[in-house]
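Survey of secondary and tertiary structure
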Amino acid sequence: MREIGIDSVAANRGTPAWLGRKAALAAAMGCTALTATLAAPAYAQSANVTTDESAIIVTAQRRSEALEDVPMTVNYLSGETLANAGVNSVRDLANVTTGFSLGQGGSVPQPAMRGVTTLINGSYENNVAVYIDGVYQTVPAAMNIDLPNIANVQILKGPQGTLYGRNATGGAILVQTITPGDRWEGRAEATYANFDDKRLSAYVAGPLNDMFGIALTGYLRETDGYFKKLSRTQGGETDGHTFGLKQEAFRAKLATDFSDSIRATLGYAYTRSKDARGVHFSPIENAPLSYNLPGGRIPGSPNPAVVNGELLLPQKLGQTAFDFDPTVDIKQNEAFLNLEFDTAIGQIRSLTAWQDSRTRTNYDFDGSYLPAFYSTSRQGDRTIQQTLDYQIDAVEGLDLLLGGQYFNIKSDNKDPTTTYFGYVFQGRTNYVYDGTEIPLSTYIIDNQYTFNRTKEAFAVYADATIHFTDSLSLNVGGRYSVEDQNVESVKVGRGGFAANPQVFLFDTNSSAVAPGYGAKKSSSYDKFTPRVSLRYEINPSTSVYASYTQGFKSGEWNSAVPNNDPRLWIDVDQESIEAFEVGVKSASSSFRFDLAGFYYDYTDLQVSTTTFVPGFGTLVLLQNAPKAEIYGAEGNFEWEPIENAHIRGGATWLHARYGDNFLFSGVSVNPASTGVSGRSDPLKNFVNTTRTQDLSGKQMSRAPNFAAYLGGDYRIPMGEGGFVLAANLKYTDSYVVTNPSIWGGDLNYTGAPGQTVDNGEVLAGTPYADKSNKQRFRQSGYVLVNASITWSDASDRIFVRLWGNNLTDERYRLHYSGTSTFGTYSPMAEPRTYGATIGYKFKE
């Protein structure tokens, strides 16, 4: 897959191979080539340069270059490969690569890259950066949205602090959607799948005239959901599906060439997603006795006896219960303007982007039919991004990039975050379900609070690649980032079932409350993140490299003042990472592979616990883990053994462990108190409790020791069309899903100087003492199998695809955590899904 044609062009012109290759690539992609941060559509194309069509062009270093020339691990996935493998969104990417997964923290999706992940529930930015059409996605929920018109995806492994800045601690994901080219193309398709899953999508892209090009995309989806809701009248039975999904999206791009040296792309995107899977809080384990209150059992069951099957709690993964339908409704409008100016020494590129996101959340935190609690919130996020860089290529043997970036996000509660108490906490203990739901209007406010936050960040960066010879190059770069945050919190009502709450505002200097002002805090962060890499080309098809990079994520604040005491309201430190990687890459006409070894020194990891405190509501408590150590090896390959057949695969071996002195406010159990879950394992039936735990040396969350995938497709041609058979297998070893807690903990730790944590105290003297240091929220290993068969007519315009995902119906966890108030909950990932897609496509 080396670009022999490009090198030949360079030779004929009497220029060095690397310089000719770079010039030819720029011409082949056009001056509107994809850029990771600018994502300019390739509207103006050069037709005068012959290139090897098998060459894979990526923009991992914010310039177009062959994949094998990039000194880092990059997984490149084309739109067709993703479609055959059943990939519709960022979430599904985990099935076709290793070292990457996407978990959940409450309503928020949380990616993990080689063990680097975000363990903070709530509206916090992740530490794996996602860019769609060059625009940084600030709202994590955007990763749940299906993308019907993906052109390609690039997954960049390892810290990307120099070129992608803040929140690229673990890596970056670059999603490029269809852009207008120099001829018309389009696709329309309809899908129907189990769980009454209905999808419609279409796009069209092409030139309006010699000056303008346009691309339009639309998408609709609605499904009943795969969770099963427990019957309120028949023990052990379920009553239909719930947690349905609704999505709608529209994207538009208008590209123009003002002149030979000035180009512009104007883009707009609207997305809406209603996906409440992440706010599934039904306790499947460790449910306390409060779930045996009236309303928590099937009407007529013995009282107060607990009879398995009559208690309205899930017994199997994928079951749920709630006394009103939960909602996570996200609307986002986004617009961007991309400008490119060719100068005598290089190209100036500017990206200006604006986003407005609104999230409405309603959820039942007790996750049962008890009319006990529910919570609501409505948040807005408004973002402005500006990137300006200058790619200079006029100096022989030097690729130079200079740039700057500005980022501003304002987040505020459009409605206060509110916790309501229902009948069973209003002294009405005679409640029995009679077929009539308790109206939410009968609930009373326990407490409310608002949280407003502004982040403003600036950065300047420089990156240079020096080509000493045709074979040897050195890259050096660095970014200096500064970020300021301002936060404010106001609480309404003290709790205690306040039917008529009054506003009170925190005294910023004590635990007292007083009218007239709120709790306001501010913080500043700065970081220099360098990178250095050395690459040597052994021969035209093989190269080796070594690199050193850094990344960071700025500090964060709790969204509520802990214990109503502003003195306890402090931010967690920014996290940072240093990464060393060595690797080899090789590419030929039929085989491509890469192999890398890496070591990460990770500092001040941001983690959190989620708890519910009456009078305070659902609280997310932040803290830092002092250190972590990650090392491992990763390999990927693509092979074309015969014409029309492609095989791809990869594996990651990972050792990711928390460092010394990681004292965590974890979820333990109380062996003296048995709950009502009715589990066969006593540890899963004891009531949860919060204890200090020493997690030093424990496995990091979402960091399996081993993961691998193997996939491929085979085309049987019939004219321009024919059949395509595709399959993909993904194996994931046992891992900690979300919460890193252990079963044990310390009963008496106060934090006094010199005091140590004894994890064995909680279970001491019980038959379960040997489990004290075992991490409890684990998922066992599993294999996912996806497959499809696609038929296209002889003109390759009409197609039909039969597909299935998770064909062996593996039941695995999307999230796994618990609280001392409500037990242990665990929403399930998608079970077996299958369906048919029919469509029409064209390309002039």
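Because the structure is a prediction, the values reported are computed rather than measured.

1. A word on the overall build of the protein chain
- A tally of regular secondary structure across the protein chain gives four helices and 44 strands.
- Looking at the protein chain as a whole, 59% of its 844 residues are labelled buried.
- Taking all contacts inside the protein chain whose residues are at least 6 apart in sequence as the whole, residues at least 24 apart take part in 70%.
- Accessible area of the protein chain: about 30900 Å², with a carbon and sulfur share of 56%.

2. Points about the packing of aromatic side chains
- The final tally for this structure, using the stated rule, is 33 aromatic pairs.
- Ring geometry for Tyr631 and Trp653: centres 5.9 Å apart, planes at 55°, overall tilted. In this pair, Tyr631 sits in strand 32 (residues 617-639) while Trp653 sits in strand 33 (residues 645-658), placing the two residues 22 residues apart along the sequence.
- Counting every residue linked through ring pairs, the aromatic cluster contains Phe281, Tyr363, Phe365, Phe373, Phe421, Phe822 and Tyr825.
- The ring of Phe598 carries the charged tip of Arg114 above its face, separated from the ring centre by 4.1 Å.

3. Structural notes on the sheet that holds strand 6 (residues 116-117)
- If you walk across this open sheet you meet the three strands as 4-5-6, and the pairing is antiparallel. Looking along the sheet, the strands with just one partner apiece sit at the ends: strand 4 (100-105) and strand 6.
- In the sheet, strand 4 pairs with strand 5 (residues 108-113) via six bridges, with the strands oriented antiparallel. Its bridge partner lying in strand 5, Gly105 is registered against Val108.

4. A word on the sheet that holds strand 42 (residues 817-819)
- Read from one edge to the other, the open sheet built from three strands follows the order 18-43-42, with strand pairing classed as antiparallel. Edge positions in the sheet fall to strand 18 (283-285) and strand 42, since each has one partner strand and no second. For this sheet, the mean inter-axis angle between neighbouring strands, taken without regard to orientation, is 50°.
- The sheet contact formed by strand 42 and strand 43 (residues 823-825) spans three bridges and is antiparallel. When the bridges of strand 43 are listed, Thr819 appears paired with Gly823.

5. A word on a nonpolar patch on the surface
- A contiguous nonpolar surface patch, about 580 Å² in accessible area, is contributed by Ile642, Tyr714, Ile716, Met718, Leu725, Ile789 and Leu802.
- Inspection of the secondary structure puts Ile789 in strand 40 (residues 782-792).
- Overall, the relative accessible area of 33% leaves Ile789 in the partly exposed class.

6. Here's the deal with the pairing of strand 7 (residues 128-132)
- Of all five residues that make up strand 7, five are buried, and the element is covered over most of its length.
- Side chains of strand 7 alternate between two faces, with Val128, Val130 and Ile132 and Ala129 and Tyr131 buried alike.
- Direction of pairing for strand 7 relative to strand 10 (residues 171-177): parallel, over a ladder of five bridges. Across the sheet, residue Val130 finds its bridge partner in strand 10, namely Ile173.

7. Thoughts on the pattern of salt bridges
- Inspection of every chain in the model, using the stated rule, returns 42 salt bridges.
- Where Arg187 meets Glu189, a salt bridge forms, and the shortest distance between an N and an O atom there is 3.6 Å.
- Through salt bridges that share partners, Glu125, Arg166, Lys455, Glu483, Lys553 and Glu556 make up one connected network.

8. Quick word on the environment of Gly422
- For Gly422, the location among the structural elements is in the loop between strand 23 (398-421) and strand 24 (444-467).
- Assessed through its relative accessible area of 0%, Gly422 is described here as buried.
- Along the chain, Gly422 and Ile438 lie 16 residues apart, while their C-alpha atoms are 8.7 Å from each other.
- Residues in contact with Gly422, not counting those within four places in the same chain, are Pro371, Ala372 and Tyr443.

9. Some remarks on the confidence of the model for the protein chain
- Residue-level pLDDT values for the protein chain average 85, and 86% of them are 70 or greater.
- Considering only residues more than four positions removed or in separate chains, one finds that residues 1-51, a stretch of pLDDT under 50, has 142 contacts.
- The low-confidence segment residues 494-517, where pLDDT is below 50, has 60 contacts with residues more than four positions distant or belonging to other chains.

Cut-offs used in this document
Residues numbered from 1 in each chain as written. Predicted model: local features only at pLDDT ≥ 70, side-chain atom pairs only at ≥ 80, totals over all residues. Heavy atoms only, no water. Helix = DSSP H or I, 4+ residues; strand = E, 2+ residues; numbered from the N terminus. Buried < 20%, exposed > 50% of the residue type's maximum accessible area, 1.4 Å probe, protein only. Contact = heavy atoms within 4.5 Å. Areas by Shrake-Rupley, 256 points an atom, 1.4 Å probe, with all protein chains shown as cover. Phe/Tyr/Trp six-rings, centres within 6.5 Å; stacked < 30°, edge-to-face > 60°. Lys NZ or Arg CZ within 6 Å of the ring centre and 35° of its normal. Pairing = 2+ DSSP bridges. Axes fitted to C-alpha atoms, helices over the stretch in contact; angles between N-to-C directions. Patch = residues over 30% accessible without salt bridge, like charges linked within 9 Å, V, L, I, M, F, W, Y side chains within 5 Å. Salt bridge = Lys/Arg side-chain N within 4 Å of Asp/Glu carboxyl O. pLDDT = per-residue confidence, 0-100.

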